[in-house]
Number of protein chains: 2
Amino acid sequence: MKSFSDKISIRKPDDMHVHLRQGEILKVCAPESAKWFERALVMPNTNPPINNRERLISYKKEIEEAISYHENKTFTPLMSFKLYPEMKEEDVIKLSEAGAIAGKLYPEGSTTNSEDGIKSWEQIKEALSAMSKLGIVLSIHGEKPDSFVLEREKDYLPELFKIIEHYPDLKIVLEHISSADGINAVITGPANLGATITVHHLLITLDDLIGQGIDPHNFCKPVVKTPKDREAIKNAVLSGNRKFFFGSDSAPHLESAKLKAGGSAGIFSVPAAIPLLVSFFEKNGSQELLENFISKYGAEFYKLPLNKSSITLERKENKIPGKFLDIIPFMAGFFI
Amino acid sequence: MKSFSDKISIRKPDDMHVHLRQGEILKVCAPESAKWFERALVMPNTNPPINNRERLISYKKEIEEAISYHENKTFTPLMSFKLYPEMKEEDVIKLSEAGAIAGKLYPEGSTTNSEDGIKSWEQIKEALSAMSKLGIVLSIHGEKPDSFVLEREKDYLPELFKIIEHYPDLKIVLEHISSADGINAVITGPANLGATITVHHLLITLDDLIGQGIDPHNFCKPVVKTPKDREAIKNAVLSGNRKFFFGSDSAPHLESAKLKAGGSAGIFSVPAAIPLLVSFFEKNGSQELLENFISKYGAEFYKLPLNKSSITLERKENKIPGKFLDIIPFMAGFFI
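Residues numbered from 1 in each chain as written. Chains lettered and ligands numbered in written order. Predicted model: local features only at pLDDT ≥ 70, side-chain atom pairs only at ≥ 80, totals over all residues. Heavy atoms only, no water.

1. Some remarks on the overall build of chain A
For chain A, the helix and strand inventory stands at 12 helices and 10 strands. Relative to a compact globule of 336 residues, whose C-alpha radius of gyration would be 20 Å, chain A shows 19 Å and is just as compact. Split into buried and exposed, the 336 residues of chain A put 60% on the buried side. If you take every contact in chain A between residues at least 6 apart in sequence, the share linking residues at least 24 apart comes to 72%. When the accessible surface of chain A is totalled, it reaches about 13,200 Å², and 49% of it is carbon and sulfur. Positive and negative side-chain charges in chain A, numbering 42 and 45 respectively, have mean positions lying 3 Å apart. (Helix = DSSP H or I, 4+ residues; strand = E, 2+ residues; numbered from the N terminus. Rg over C-alpha atoms; globule rule 2.2 N^0.38 Å. Buried < 20%, exposed > 50% of the residue type's maximum accessible area, 1.4 Å probe, protein only. Contact = heavy atoms within 4.5 Å. Areas by Shrake-Rupley, 256 points an atom, 1.4 Å probe, with all protein chains shown as cover. Lys, Arg positive; Asp, Glu negative; His and termini not counted. Charge placed at Lys NZ, Arg CZ, Asp CG, Glu CD.)

If you want it as C-alpha cells, here you go:
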C-alpha cells in the first residue's frame, strides 16, 4: 500500500448515523460532529422520541443552537423519526415535509430507549408504504433482541427479507452492521438495501470488550463480535461496494452510566472516527476508497448532493482527548 | 424427570477447584465453603503464590484458622501449588510431603495473578516428571491467552496433547472447562484426563455477561460462551461420565474491583452452587447423577476416600444472600 501524504485534503465527510442526545450532552457532542462532518443523520431515540413534526422541528433547532456557539457552523443535521406501532401515513407525510429523510425501526428491547419499539413489520405497514412512496429511507436497528447476543443480527434477517419482499421500492439501511451474516445479506440483497458501518465494528472484537478485563467503553449494541465478523466488515469496506458507507453510531453516555453494573450500551466515537479511518485506509486501502466510504456513498444512497467543502488532515502525533464533559470517547488517550 | 423429595440427604460434596483468597476475604469465604463441602482443592494463585513447602503449610494453617471460629469444623482444605519455570524435582517432593495433591499450571497472562505463568510445558519438564512419579495431579487453566477470547480453550488443546504425549501416566485436570471443543477433548482423551465443571459454565452464556447490559458479576475466565458450548457441558454432566466432576472455581473479588473499568475476572459461586446444582439435576438428571458429580467422581479421580458424612438439603424458598463482606455472590438476591 502507498502511504498517504502527510497532509491530505478530502471532500468533507458525512456521518450517516449518529446519536447527538439532548441537553448538556448535545451541547458537547454536536460541535464535535460539526468539527469532522458536514452533515450527520441524527437518530431519534431521544426521550421523548422524535416521532412527530413538532418534536423534529424543535430537536433540529436545539441541535442548530448547540452548533451556533462554535466555529464550525456549516454543519447540517439530517433528521430522522422513530417509527411506532400503527403510525399513520399522514404522520409520515408531516415528518417528511418537516425535513425527515429517514424513519428508524427499533425492534422492541433492542437498545437504548427502545422499550416502546416494534414487534413486527406488520405493525408499521401504513408507515412503510408511505415512506416507500415518499422516498424516505427505512433505517433499521437489525437485531432480534431475544436471540443469543452474537446471533441477534443474523436472526433479524428473515424479518428484513419480509420487509424487502413487501416493499420492493423502499430504500433500507441495515445500521451499524456487525456480522458476516449481515454483510452477506446486504451484498446479495437488492440495490436499494445498504448498510452503515461504524469505526468500532471495523476495528475491534469481543477481545476488546471482555478479552482482558471488561471495557465498558467498548460496549455497544450490536456488540462487537468475532475476528471472522470483523474480517467480513473489513472486506466489505475495502471492496468499494457502494452499498456500504460510514455511520459512526457514536452514542455518548456519561462515564457514571457506563461504569455502573449493567453499563449503558454505546461508544462515543466521533472524536476518533476520522483519524482512525484515515489510518485504516492508509494501511489497507486507498485515499479514493476512504473518500467514497466517508464522503460519497452515503450521500448517493440518500440522493443528497455531494459536499463541496473539504477537510484537511495532517499527520501529527495526536492523542484522542480523555474526556468530553464526563464522557469518555472511543480510544481515549490513545495516539492516533 | 422425577422430582426429588422435599428433603434429600446426599454424601457431603467436594469442591475440586476453589479460590479462598487471603486475609479478610478468606475469613468470609472459607466458612462458606465449609458450610457446603467436606473438602475443597484450594488454588495457589495467592499473592505471593503457594509455590513452596513453607507457604503451603502456612496457607493451610491460615485456612484452618478461618474455619475454626465457625460451626462447620470438619472441612479439609486440599492443597495445591503453583508451577513455575524450571521448578525442581526436590521442590515438588517437598510440596508433596507437605500435603500437596495437585500442581497448577497457569499459562502466562491467563488470569488473576498469572503474569509470572508458564509459556510452554517445556519450562516445567522436571516438575511434570516428578508429579507423574509421585501421583500429583496436573491442574491446568487451559487457555492460550493471546488467542481470540472465545477460542482460547480450543487453542490450548495442542499444548495439552503434547503434555499427555510426553507424560502418559500423569493425571491431568482441564479446569473450569468452558467449550464444546474442550469437552470433546476430554471425552476422547485418555482415562487419566479429567475436567472440572463450574456451576456458572453449566448455566449461563455470554447473554448473561453482555446480552442486556454488562454484568461484571458474571465475568470470569474462561469467559462463559455460547449456547452450543453450554449444551456440550450440560450433556457431559448428564452423561454420567466419571471424567467430569464439580469444581466451583468460586473466585471472590470485592465489589469495588468488579465494578471498576476492567473489572476483575471471577465469580463467587460457593453460596449458590449446591442449591443450583440440585435444581439442575432435578430438572435434567437424577439424584444419583448429582451425587456422582459433586461427591464421588472428583474424589475417585484424586484417589481420595469418599466422604462418610452427608448433607441434608430441604426445599425452601431461599434467596441467595446479596453480599458477603463486600463481595456479591453468583445469583445474588435470586430465589433458588
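2. Considering the sheet that holds strand 5 (residues 100–105) of chain A
Residues and elements named next belong to chain A. In spatial order, the strands read 2-3-4-5-6-7-8-9; together these 8 strands make up an open sheet with parallel pairing. Unpaired on one side and paired on the other, strand 2 (14–18) and strand 9 (244–246) mark the two borders of the sheet. Pairs of neighbouring strands in the sheet enclose a mean axial angle of 30 degrees, with direction left out of account. (Pairing = 2+ DSSP bridges. Axes fitted to C-alpha atoms, helices over the stretch in contact; angles between N-to-C directions.)

3. A look at the interface of chain A and chain B
Taken together, the contacts link 25 residues of chain A with 25 residues of chain B. Roughly 2,100 Å² of surface becomes buried between chain A and chain B when both sides are summed, with 66% attributable to carbon and sulfur atoms. The largest share of the area that chain A buries against chain B comes from Phe 148, Ile 210 and Ile 214 of chain A, three residues that together contribute 32% of it. Arg 152 of chain B is the partner of Asp 207 of chain A in a salt bridge, and the nearest nitrogen-oxygen pair spans 3.3 Å. Here chain A is connected to chain B by 8 residue pairs in polar contact (both at pLDDT 80 or more). Among the elements that line the side of chain A that touches chain B, the one with the most residues is helix 8 (residues 206–211) of chain A, at 5 residues. Residue classes in the side of chain A that touches chain B are distributed as 13 nonpolar, 8 polar and 4 charged. (Buried area = accessible area lost by both parts, 1.4 Å probe. Salt bridge = Lys/Arg side-chain N within 4 Å of Asp/Glu carboxyl O. Polar contact = N/O pair within 3.5 Å; in protein donor to acceptor, adjacent residues only side chain to side chain. Nonpolar A, V, L, I, M, F, W, Y, C, P; charged D, E, K, R; others polar.)

4. Some details on the confidence of the model for chain A
Note that predicted coordinates carrying low pLDDT should not be read in detail. This prediction gives chain A a mean pLDDT of 94; 99% of its residues lie at or above 70. In the predicted assembly, ipTM is 0.93 and pTM is 0.95. (pLDDT = per-residue confidence, 0-100.)

5. Points about the pattern of salt bridges
Residues and elements named next belong to chain B. By the definition in use, this model includes 28 salt bridges over all chains. We note a salt bridge from Glu 255 to Lys 323, for which the minimum N-O separation is 2.8 Å. Here Glu 255 is found in helix 10 (residues 255–259), whereas its partner Lys 323 is found in the segment after strand 10 (310–314), with 68 residues between them in sequence. For Lys 323, a relative accessible area of 45% gives the class partly exposed.

6. A few points about the pairing of strand 5 of chain A
Looking along a regular strand, one sees the side chains alternate between the two faces of the sheet. Residue and element names in this part refer to chain A. In terms of residue burial, strand 5 counts as a mostly covered element, since 6 of its 6 residues are buried. Here strand 4 (residues 76–82) pairs with strand 5 via 4 bridges, running parallel. Following the sheet pairing, Lys 82 is matched in strand 5 by Lys 104. The parallel pair strand 4 and strand 5 is bridged by helix 3 (residues 89–97), and the resulting crossover is right-handed. In this structure, strand 5 lies alongside strand 6 (residues 137–140), joined through 4 bridges in parallel fashion. Bridge pairing in strand 6 links Gly 103 to Leu 138. Taken together, strand 5, helix 4 (residues 125–134) and strand 6 form a β-α-β motif whose crossover is right-handed. (Right-handed = clockwise from strand over helix to strand, strands pointing away.)

7. A closer look at the nonpolar core
Membership of the largest hydrophobic core comes to 197 residues, with the highest contact counts inside it found for Ile 163 and Ile 210 of chain A together with Ile 163 and Ile 210 of chain B. If near-sequence neighbours (up to four positions away) are discounted, Ile 210 of chain A is found in contact with Val 149, Leu 206, Leu 209, Ile 210, Phe 219 and Val 223 of chain B. In this structure, Leu 78, Ala 102, Val 173 and Phe 301 of chain A belong to the second largest nonpolar core, which totals 15 residues. (Core = buried A, V, L, I, M, F, W, Y, C linked by side-chain atoms within 4.5 Å.)

8. A word on the environment of Pro 305 of chain A
As for its placement among the helices and strands, Pro 305 of chain A is situated in the loop between helix 12 (287–301) and strand 10 (310–314). Not counting residues up to four positions away in its chain, the partners in contact with Pro 305 of chain A are Arg 39 and Ala 299 of chain A.

9. A short note on the relation of the copies chain A and chain B
Least-squares fitting of chain A to chain B yields an RMSD of 0.0 Å, with the superposition described by an axial translation of 0.0 Å and a rotation of 180 degrees. Those values place the two copies in the arrangement expected of a two-fold rotation axis. Of every C-alpha in chain A, the one belonging to Leu 259 of chain A sits nearest the axis of rotation, 3.4 Å from it. The fraction of interface residues of chain A whose copies in chain B are also interface residues reaches 100%, indicating that both copies meet through the same surface. (Least-squares fit on C-alpha atoms with pLDDT ≥ 70 in both.)

10. Some details on the state of the cysteines
All names here are of chain A. Per the stated rule, a full pass over the model turns up 0 disulfides over all chains. For Cys 29, which is in no disulfide, the shortest distance to another cysteine sulfur is to Cys 220 and amounts to 16 Å. Cys 29 sits in the buried class, given a relative accessible area of 2%. (Disulfide = S-S within 2.5 Å.)

11. Digging into the sheet that holds strand 7 (residues 172–174) of chain B
Residues and elements named next belong to chain B. The strand order across the open sheet built from 8 strands is 2-3-4-5-6-7-8-9, with neighbouring strands paired in parallel fashion. At either margin of the open sheet sits one strand with a lone partner, and together these are strand 2 (14–18) and strand 9 (244–246). Neighbour-to-neighbour, the strand axes of this sheet turn through a mean angle of 30 degrees, independent of strand direction. Sheet strands touched by helix 12 (residues 287–301): strand 2, strand 3 (39–42), strand 6 (137–140), strand 7, strand 8 (193–197) and strand 9. Its angle to strand 9, the strand with the most contacts, is close to 115 degrees.

12. Points about the environment of Ala 185 of chain B
All names here are of chain B. Following the sequence through the fold, Ala 185 ends up in helix 6 (residues 180–188). Owing to a relative accessible area of 5%, Ala 185 belongs among the buried residues under this scheme. Note: C-alpha distance between Ala 185 and Pro 107 (78 residues apart in sequence) is 18 Å.

13. Structural notes on the packing of aromatic side chains
Residue and element names in this part refer to chain A. Counted by the stated rule, this structure contains 18 aromatic pairs over all chains. Within the aromatic cluster, the residues linked to one another by ring pairs are Phe 37, Phe 246, Phe 280, Phe 281 and Phe 293. Above the face of the Phe 301 ring, Lys 171 is positioned so that its terminal group lies 5.1 Å from the ring centre. (Phe/Tyr/Trp six-rings, centres within 6.5 Å; stacked < 30°, edge-to-face > 60°. Lys NZ or Arg CZ within 6 Å of the ring centre and 35° of its normal.)

14. Some remarks on the side chain of His 253 of chain B
Residue and element names in this part refer to chain B. Tracing the backbone through its elements, the reader meets His 253 in the loop between strand 9 and helix 10. For His 253, a relative accessible area of 11% corresponds to the buried category. In this structure the side chain of His 253 is engaged in a polar contact, spanning 3.2 Å, whose partner is the side chain of Arg 21. Within the structure, the side chain of His 253 is placed 2.8 Å from the backbone oxygen of Ala 265, a separation counted as a polar contact. Excluding residues within four positions of it along the chain, His 253 makes contact with Arg 21, Thr 112, Lys 258, Ser 264, Ala 265, Gly 266, Asp 326 and Ile 327.

15. What about helix 11 (residues 270–284) of chain A?
Here helix 11 of chain A is 15 residues long and its end C-alpha atoms lie 21 Å apart, about the 21 Å a rise of 1.5 Å per residue gives. Taking burial as the measure, the 15 residues of helix 11 of chain A include 13 buried ones, the bulk of the element. (Expected span 1.5 Å × (residues − 1).)

16. Let's talk about the environment of Asn 47 of chain A
All names here are of chain A. Along the chain, Asn 47 falls in the loop between strand 3 (39–42) and helix 2 (53–68). Expressed as a C-alpha distance, the spacing of Asn 47 and Gly 213, which sit 166 residues apart in the sequence, is 32 Å. If sequence neighbours within four positions are ignored, Asn 47 has contacts with Gln 22 and Asn 113.

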